[in-house]
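Residues per chain, in single letters:
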Amino acid sequence: MHRGIPVTSVARTLLDLAGLLPLGELEAAVASALRRPGFDAGRVEDMVRRGRGHRGVGRLAALVAAEPKVTRSALERRFLALVRRAGLPEPETNTWITLGAGEEWQLDALWRAQRVSVELDGWESHRTRRQFERDRLRSAAMQAAGYRHVQLTWRQVTDEAPTVIRTLRILLGGGGRG
């Protein structure tokens, strides 16, 4: 109880959410909790052990064991699900990269070994001139550093998924199947 309001720990909240949320949203919640300063992942593992029979405990256990991917938007979660369904290698997500001239960029998806990066352009986070200009500069910098940089929209990820997957397969070196 906190000021007369019942509260639960982060670990217990994640267990409760595991039975309610779609997998992508649950993964984002788990990743967010694990990134919190001072948060002890062992508490979630303890909750999983004690939560046998609780709805969603298996999903939560699998996510904690697999080191969940950090996503910041529904578009990023949808893209990651698409990559997984297609059987493509999983990218690093929301990771920082430093290029030759020392400039640092945060990327939505990165396949470092294959030198492929993806920017997911959702309208909400890309509608200012400053962000629009910055995205174009990042694309140019990535290409200049030898990366194949792709920018994808919500509509492309949802309505043109076969083309997106085929493009990624080619860029990642897996041919154009699928």
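See the structure above.
Residues numbered from 1 in each chain as written. Predicted model: local features only at pLDDT ≥ 70, side-chain atom pairs only at ≥ 80, totals over all residues. Heavy atoms only, no water.

S.K.: Teacher, can you tell me more about the nonpolar core here?
M.R.: Buried together is how nonpolar side chains tend to be arranged in soluble globular proteins. Of all hydrophobic cores here, the largest spans 20 residues; its most connected members are Phe79, Trp111, Val118, Leu152 and Leu168. Elements that contribute at least two residues to this core include exactly helix H5 (74–85), strand S2 (104–111), strand S3 (116–121), strand S4 (148–153) and helix H8 (161–171). By size, the runner-up hydrophobic cluster in this structure holds 15 residues, among which are Leu26, Val48, Leu60 and Val64. (Core = buried A, V, L, I, M, F, W, Y, C linked by side-chain atoms within 4.5 Å. Buried < 20%, exposed > 50% of the residue type's maximum accessible area, 1.4 Å probe, protein only. Helix = DSSP H or I, 4+ residues; strand = E, 2+ residues; numbered from the N terminus.)

S.K.: Would you mind going over the side chain of aspartate 135 with me for this structure?
M.R.: Here aspartate 135 is to be found in helix H6 (residues 129–144). Of the polar contacts made by the side chain of aspartate 135, one reaches the side chain of arginine 138; its length is 2.4 Å. (Polar contact = N/O pair within 3.5 Å; in protein donor to acceptor, adjacent residues only side chain to side chain.)

S.K.: What is the right way to look at the packing of aromatic side chains in this model?
M.R.: Both the distance between ring centres and the angle between the ring planes are used here to describe each pair of aromatic rings. Counted according to the given criterion, the structure contains one aromatic pair. Between the aromatic rings of phenylalanine 79 and tryptophan 111, the centroid separation amounts to 6.4 Å while the plane-to-plane angle is 75 degrees, which identifies the pairing as edge-to-face. Here phenylalanine 79 is found in helix H5, whereas its partner tryptophan 111 is found in strand S2, with 32 residues between them in sequence. The same class applies to phenylalanine 79 as to tryptophan 111, namely buried. Just above the ring of tyrosine 147 sits the side chain of arginine 115; from NZ or CZ to the centre is 4.1 Å. (Phe/Tyr/Trp six-rings, centres within 6.5 Å; stacked < 30°, edge-to-face > 60°. Lys NZ or Arg CZ within 6 Å of the ring centre and 35° of its normal.)

S.K.: Could you clarify how one ought to interpret the packing of helix H3 (residues 41–50) against helix H4 (residues 57–65) in this entry?
M.R.: A pair of packed helices can be characterised by two numbers: the angle between their axes and the separation between those axes. Viewed as axis vectors pointing N to C, H3 and H4 meet at an angle of 150 degrees, and their least axial separation amounts to 10 Å. Classified by the angle their axes make, H3 and H4 are roughly antiparallel. Read as a crossing pair, H3 and H4 show a hand that is left-handed. Of H4, the residues touching H3 (which contributes Val44, Glu45 and Val48) are Val57, Leu60, Ala61 and Val64. Looking at the contact of H3 with H4, its residues break down into six nonpolar, no polar and one charged. (Axes fitted to C-alpha atoms, helices over the stretch in contact; angles between N-to-C directions. Parallel < 35°, antiparallel > 145°, perpendicular 65-115°, else oblique. Left-handed = near helix turned anticlockwise from the far one by under 90°. Contact = heavy atoms within 4.5 Å. Nonpolar A, V, L, I, M, F, W, Y, C, P; charged D, E, K, R; others polar.)

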